[in-house]
Amino acid sequence: MHKFLTSIKKEYLLLLRDPGGLIILFLMPVVLVITITIIQDATFKSVSGNTIEILLVDKDKGKLSDEIQKSFNEIEFLTPISKFDNLPLTEEKAKHLIASGTYQLAVVIPEGLSSGLEKQIDKNIGKILEEFEGTVSDTLYTTRLKEESPKKVTLYFDPITQEAFRSSVIFAVDKLIANIETKSIYKGFEKELGESESLTSFNRDNFVKYEQINPSLDGESILPNSVQHNIPAWTLFAIFFMILPLSLNVVHEKGQGTFVRLQTTPINYLTIIAGKATLFLLVSVIQFTLILVLGIFVFPVLGLPVLEIGDKLGLLYVVAFSAGLAAVGLGILLGTIFNSHEQAAPFGAVLVVLLAAIGGVWVPVFAMPDTMQIIAKISPMNWGLEAFYDIFLRKGDITTILPEIGLLIGFFISTIVIAILYYEKKKAV
């Protein structure tokens, strides 16, 4: 026990004398979580203080285009702009502004949209009424099939806009125009039928409505926010980034000859790495505690949502502890294998970024291609992230996270065993 405690004390003193390592372990996670959460917070709000300016080019100048402009004005987070430098926008000018990156989106309403839609609706209504009265002939039916040419509402996107944003805008514009078309059809029937009481009394509200429910394993419906999503992901990134100073610590001792001196003492390699593992495991728990305090007390001051923990604090620490074990094991393994800072530093940094990328820290796993979704299952960051989400968002219990916890602990044991075997084999050579 004395040897073990002495090993921990040695690691503690080495860490205190490494200001760069302390910055990586404690300051970097704080800056990272605050920065990423502030940037992504707006994307989790249905209505935010930030508005998106869109260019609106009206070449129609009719009733339908007026309805479209009115509908855009009613969307709180969109600000349609129809003039630039006090002059009406043209399609060429809007196209140039989008291509230059000044604006992200331009909507061009085509010429003749209102009149074309009105004629099309009148033809369709006339056809329906004639068929209803039984007065339509084959010749008339053929004539009716000659319809108006479809009109295209053109959307110009800044090349940097993501596909998800493009799809959501196209869906919103399509839904908006479909609603306006439906209203126009009602009005067309009213005009043909003389605004009969039967039509004017129709309930024109949407019959099918949508209700968003986020069920959890404990039966509670929750609404996730940017904090609940970002803190688990970037806490894991910070914990696993610990492998960089840990592996460099091991490499540094080998380079200084500390390991050679230790071999002359009655102490085995397991005791040496146990001291390192214990100290850095404590560091991971402190990191997690620091970020929890940040989410509960500092985020509300910055105008961000408060981190909701509920009664799952103990389970959260179980996940953080298990993730810390996996990171410690990987760091010790890399430090054991590599012999120089030039080898360990770049490999460790790239490995952490790679594990984060395939583990779902940056892009959700469900949004990845099928092959990448399978590969993501081998990343210990993905195991930790799923366990955190099970607690933070799905409100699961200990049985819910047991598979991920088992994988993280198994990963730690495997890496430590490999490190010891590699060390013993190399010592014997």
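No experiment lies behind these values; they were computed from the predicted model shown.

K.L.:
Can you lay out the overall build of the protein for me, pointing to particular residues and giving the numbers?
P.N.:
Along the backbone of the protein there are 17 helices and six strands. When each of the 429 residues of the protein is scored for burial, the buried share is 42%. Considering only intrachain contacts with a sequence separation of at least 6, the fraction spanning at least 24 residues in the protein is 78%. Of the roughly 24,000 Å² that the protein leaves accessible, carbon and sulfur atoms contribute 62%.

K.L.:
Could you give an account of the packing of helix H14 (residues 341–359) against helix H16 (residues 380–392), with specific residues and numbers?
P.N.:
H16 packs onto H14 with a crossing angle of 50° between their chain directions and a minimal axis gap of 7 Å. Relative to H16, the element H14 is oriented oblique. In this structure, H14 crosses over H16, and the sense of that crossing is right-handed. Between H14, through Val352, Leu355, Ala356 and Gly359, and H16, the contact on the second element is made entirely by Pro380, Met381, Asn382 and Leu385. Along the lines of polarity and charge, the residues of the contact of H14 with H16 split into six nonpolar, two polar and no charged.

K.L.:
Give me the environment of Glu53: which residues, what numbers.
P.N.:
Here Glu53 is to be found in strand S1 (residues 52–58). Taking relative accessible area as the criterion, Glu53 reaches 38% and is therefore assigned partly exposed. Linking Glu53 and Gln104, residues 51 residues apart in sequence, is a C-alpha distance of 7.9 Å.

K.L.:
If you had to explain helix H4 (residues 91–99) to someone new, which residues and values would you point to?
P.N.:
By the burial criterion, the buried members of H4 are Ala94, Leu97 and Ile98. The arc that holds every buried residue of H4, seen down its axis, measures 100°, which confines them to one face. Residues of H4 that are exposed and angled more than 90 degrees away from the buried face: Glu92 and Ala99. Residues of H4 that are buried in the fold lie against S1, strand S3 (83–84), strand S5 (105–109) and strand S6 (154–157). Taken from the residues just after H4, Gly101 is the one with a positive phi, measuring 85°.

K.L.:
How would you sum up unusual backbone geometry? Please name residues and give values.
P.N.:
Notably, Lys61 is not glycine yet its phi reads approximately 55°, a positive angle. Counting through the fold element by element, Lys61 comes out in the loop between S1 and helix H3 (63–74). You will see that Asp85, though not glycine, has its phi angle at about 55°, which is positive. Structurally, Asp85 is set in the loop between S3 and strand S4 (87–88). Of the residues examined, Asp85 reaches a relative accessible area of 61% and is grouped as exposed.

K.L.:
If you had to explain the confidence of the model for the protein to someone new, which residues and values would you point to?
P.N.:
A residue-level look at the protein finds 79% of positions with pLDDT of 70 or above and a mean pLDDT of 79. Note that residues 137–142 has pLDDT below 50 and, in this model, four contacts with residues that lie over four places away or in other chains.

K.L.:
I'd love a proper account of the side chain of Ser284, names of residues and values included.
P.N.:
Tracing the chain through its elements places Ser284 in helix H12 (residues 269–298). Judged by its relative accessible area of 0%, Ser284 is buried. Not counting residues within four places of it along the chain, the set of residues in contact with Ser284 comprises Ile239, Met242, Ala320 and Gly324.

K.L.:
For the packing of aromatic side chains, give the residues involved together with the corresponding values.
P.N.:
Under the definition given, this model contains seven aromatic pairs. Between Trp383 and Phe411, the aromatic rings sit 6.1 Å apart at their centres with planes inclined by 75°, giving edge-to-face as the arrangement. In this pair, Trp383 is assigned in helix H16 and Phe411 in helix H17 (residues 398–428), connecting sequence segments 28 residues apart. Feature note: the residues Phe288, Tyr317, Phe388 and Phe392 constitute an aromatic cluster, connected by ring pairs.

K.L.:
Can you tell me about the sheet that holds S6, naming the residues and giving the values?
P.N.:
Taken together, the four strands give an open sheet; going across it, the order is S2-S1-S5-S6, and neighbouring strands pair in mixed fashion. In this open sheet, the two strands that pair with only one neighbour each are strand S2 (78–81) and S6. Strand-to-strand twist in this sheet, taken as the mean axis angle between neighbours without regard to direction, amounts to 25°. The pairing of S1 with S2 spans four bridges and is classified as parallel. Residue Ile54 lies in a different strand from S2, and its bridge partner there is Pro80. Its contacts with the sheet put H4 on S1, S5 and S6, and the angle it makes with S1 is roughly 155°.

K.L.:
Lay out the packing of helix H9 (residues 226–240) against helix H13 (residues 313–337) in plain terms, naming residues and giving numbers.
P.N.:
When two helices pack together, their arrangement is given by the angle between the helix axes and by the axis-to-axis distance. Where H9 contacts H13, the axes come no closer than 9 Å and their chain directions differ by 35°. Crossing angle aside, the handedness with which H9 passes H13 is right-handed. Along the contact surface, H9 presents Leu236, Ile239 and Phe240, while H13 presents Ala320, Ala323, Gly324, Ala326 and Ala327. Of the residues belonging to the contact of H9 with H13, the class tally is seven nonpolar, one polar and no charged.

K.L.:
Tell me about the pattern of salt bridges, residues and numbers included.
P.N.:
Considering all chains together, one arrives at one salt bridge under this definition. Salt-bridge contacts for Glu91 lead to Lys59; the nearest nitrogen and oxygen are separated by 2.9 Å. Placement of Glu91 in helix H4 and of Lys59 in the loop between S1 and H3 is noted, with a sequence separation of 32 residues between them. Assessed through its relative accessible area of 38%, Lys59 is described here as partly exposed.

Scoring rules and cut-offs
- Residues numbered from 1 in each chain as written.
- Predicted model: local features only at pLDDT ≥ 70, side-chain atom pairs only at ≥ 80, totals over all residues.
- Heavy atoms only, no water.
- Helix = DSSP H or I, 4+ residues; strand = E, 2+ residues; numbered from the N terminus.
- Buried < 20%, exposed > 50% of the residue type's maximum accessible area, 1.4 Å probe, protein only.
- Contact = heavy atoms within 4.5 Å.
- Areas by Shrake-Rupley, 256 points an atom, 1.4 Å probe, with all protein chains shown as cover.
- Axes fitted to C-alpha atoms, helices over the stretch in contact; angles between N-to-C directions.
- Parallel < 35°, antiparallel > 145°, perpendicular 65-115°, else oblique.
- Left-handed = near helix turned anticlockwise from the far one by under 90°.
- Nonpolar A, V, L, I, M, F, W, Y, C, P; charged D, E, K, R; others polar.
- Arc of directions from axis to C-beta.
- pLDDT = per-residue confidence, 0-100.
- Phe/Tyr/Trp six-rings, centres within 6.5 Å; stacked < 30°, edge-to-face > 60°.
- Pairing = 2+ DSSP bridges.
- Salt bridge = Lys/Arg side-chain N within 4 Å of Asp/Glu carboxyl O.

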